[in-house]
Amino acid sequence: MSVRRLAKEQPASFAFSKATKAKCDWWIAKYPADRGQSAVIPVLWLVQKQEGWVSEPAIRAIAALLGMPYIRVLEVATFYTMFMLEPVGSAALIQVCGTTPCMLRGAGELMDVCKKKIGPKDTLSADGRFTWQEVECLGACANAPMAQINDYYFEDLTADSMAKIIDDFAAGKKPKPGSRVGRTSSEPEGGALTLTDPKIYDGSAGKKIKKLPNSDPVTA
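Residues numbered from 1 in each chain as written. Predicted model: local features only at pLDDT ≥ 70, side-chain atom pairs only at ≥ 80, totals over all residues. Heavy atoms only, no water.

1. So, a nonpolar patch on the surface
Next up, step 1: A cluster of nonpolar side chains, contributed by Trp45, Phe79, Tyr80 and Met82, occupies part of the molecular surface with about 390 Å² of accessible area.
Next up, step 2: Note on placement: tryptophan 45 falls in helix α2 (residues 40-51). (Patch = residues over 30% accessible without salt bridge, like charges linked within 9 Å, V, L, I, M, F, W, Y side chains within 5 Å. Areas by Shrake-Rupley, 256 points an atom, 1.4 Å probe, with all protein chains shown as cover. Salt bridge = Lys/Arg side-chain N within 4 Å of Asp/Glu carboxyl O. Helix = DSSP H or I, 4+ residues; strand = E, 2+ residues; numbered from the N terminus.)

Encoded structure:
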């Protein structure tokens with residue numbers, strides 16, 4: 001496992017926005033007064049949502065806010081791969097799953113599209129709008145190949161659909177997340193094949209129970 005490091009170039013300072021600070025305070029208040037440091041992960045996430053990534057000055061500001069050593073916050077930020085330690089694309093951060101099910105279903109072709117349209121992986125594009133990464137399993141194996149783009153899953157992808165998604169983000173559009181073949185959740189392509197009787201779900205197939213078993217009060 002490679003060591004994750006902070007970006008070489010850092011901003012001069014960081015400041016919580018009013019909205020971010022209010023959300024941080026809400027999370028901190030969820031814990032006892034002497035356990036506010038437990039909010040470090042949600043606070044890091046809120047900072048990332050504000051800035052797009054977690055800078056070194058931001059880590060120092062979080063440490064001061066939570067009253068914990070800087071190195072403790074740095075340990076958390078560098079351990080969890082969900083925290084971006086250098087600037088990422090302002091339009092889209094594309095994380096292509098490269099684990100076995102996705103790779104067998106064409107993840108390599110998706111990565112080729114990303115290389116062609118964006119550039120090398122883990123590198124901010126020349127216009128600053130895109131970053132793409134290869135990541136490990138994102139848990140949507142039945143809908144492979146797939147990618148997480150910003151906060152959402154895009155599933156059942158092909159090289160063509162990935163190219164279209166990137167073009168849409170480049171044009172300022174917001175492509176709809178989800179399956180590119182129209183399936184819902186992880187049902188089979190074309191629709192569910194089992195448990196299709198609506199009576200299963202509307203309660204009409206249930207039998208009324210006059211008395212629950214073992215419901216009589218216990219007597220001595």
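Now, onward.
2. Considerations on the pairing of strand β1 (residues 92-97)
Next up, step 1: Counting buried residues in β1 gives six out of six residues, a clear majority hidden from the surface.
Next up, step 2: Taking every second residue as pointing to the same face, both faces of β1 are buried, with Ala92, Ile94 and Val96 on one and Leu93, Gln95 and Cys97 on the other.
Next up, step 3: Where β1 meets strand β2 (residues 130-135), six bridges bridge the pair, whose relative direction is parallel. Bridge pairing in β2 places leucine 93 opposite threonine 131.
Next up, step 4: Summarising the sheet, β1 and strand β3 (residues 147-149) pair through three bridges and their orientation is antiparallel. Residue pairing in the sheet places valine 96 in a bridge with alanine 147 of β3. (Buried < 20%, exposed > 50% of the residue type's maximum accessible area, 1.4 Å probe, protein only. Pairing = 2+ DSSP bridges.)

3. Re the packing of aromatic side chains
Next up, step 1: The tally for this structure, following the rule as stated, stands at three aromatic pairs.
Next up, step 2: On the basis of an interplanar angle of 90 degrees and a centroid distance of 5.2 Å, the ring pair of tryptophan 26 and tryptophan 27 is categorised as edge-to-face.
Next up, step 3: Centre to centre, the rings of phenylalanine 79 and tyrosine 80 are 4.9 Å apart; their planes meet at 85 degrees, and the pair counts as edge-to-face.
Next up, step 4: The exposed category is assigned to phenylalanine 79, whose relative accessible area is 55%.
Next up, step 5: Positioned over the ring face of tryptophan 27 is lysine 30, at 5.6 Å from the centre of the ring.
Next up, step 6: Its guanidinium or amino end placed over the ring of tyrosine 70, arginine 60 lies 4.0 Å from that ring's centre, counting from NZ or CZ. (Phe/Tyr/Trp six-rings, centres within 6.5 Å; stacked < 30°, edge-to-face > 60°. Lys NZ or Arg CZ within 6 Å of the ring centre and 35° of its normal.)

4. So, the sheet that holds strand β5 (residues 178-179)
Next up, step 1: Taken in spatial order, the five strands line up as β2-β1-β3-β4-β5 in an open sheet, and their pairing is mixed. For this open sheet the edge positions go to β2 and β5, each flanked by a neighbour on one side alone.
Next up, step 2: Relative to strand β4 (residues 152-155), β3 runs antiparallel, the two sharing three bridges. Note on β4: the bridge partner recorded for alanine 147 is phenylalanine 154.
Next up, step 3: Taken strand by strand, helix α6 (residues 107-117) contacts β1 and β2, and its axis lies near 155 degrees from that of β1.
Next up, step 4: In the packing of helix α7 (residues 159-170) onto the sheet, the strands contacted are β1, β2, β3 and β4, and the crossing angle to β1 comes to about 165 degrees. (Contact = heavy atoms within 4.5 Å. Axes fitted to C-alpha atoms, helices over the stretch in contact; angles between N-to-C directions.)

5. Section: the environment of glutamate 155
Next up, step 1: Inspection of the secondary structure puts glutamate 155 in strand β4.
Next up, step 2: Take glutamate 155: its relative accessible area is 12%, and that puts it in the buried class.
Next up, step 3: As a C-alpha pair, glutamate 155 and glutamine 37 span 118 residues in sequence and 36 Å in three-dimensional space.
Next up, step 4: For glutamate 155, the residues in contact, after removing those within four places along its chain, are Ala140, Asn143, Pro145, Met146, Gly178, Ser179 and Arg180.

6. Re empty space enclosed by the protein
Next up, step 1: The tally for this structure, following the rule as stated, stands at one cavity of 30 Å³ or more.
Next up, step 2: Quantified by volume, the largest cavity comes out at close to 40 Å³.
Next up, step 3: What lines the largest cavity is Cys97, Thr99, Pro101, Cys102, Cys137, Leu138, Gly139, Ala140, Cys141 and Met146.
Next up, step 4: Among the residues forming the lining of the largest cavity, the class breakdown is eight nonpolar, two polar and no charged. (1 Å grid on protein atoms, 1.4 Å probe; cavity = no way out; pocket = protein on both sides within 12 Å on 5 of 7 lines; lining within 4 Å. Points joined across faces, edges and corners; volume = space filled by probe spheres on them. Nonpolar A, V, L, I, M, F, W, Y, C, P; charged D, E, K, R; others polar.)

7. So, the nonpolar core
Nonpolar side chains in soluble globular proteins tend to be buried together.
Next up, step 1: Residues Ile94, Val96, Cys114, Phe130, Ile149, Met162 and Ile166 are the most contacted members of the largest nonpolar core, which totals 26 residues.
Next up, step 2: Contacts of isoleucine 149, omitting those with residues within four sequence positions, involve Ala92, Leu93, Ile94, Phe154, Ile165 and Phe169.
Next up, step 3: The next biggest cluster of nonpolar side chains, apart from the first, holds 22 residues, and it includes Phe14, Cys24, Ile59 and Val73. (Core = buried A, V, L, I, M, F, W, Y, C linked by side-chain atoms within 4.5 Å.)

8. What about the layout of surface pockets?
Picture a little ball the size of a water molecule; that probe, rolled over the atoms, points out where space is still empty.
Next up, step 1: By volume, the largest pocket is sized at about 1400 Å³.
Next up, step 2: If you go around the largest pocket, you meet 49 residues; those closest to its centre are Thr81, Met84, Leu93, Gln95 and Gln133.
Next up, step 3: Tallied by class, the residues present in the lining of the largest pocket amount to 24 nonpolar, 13 polar and twelve charged.

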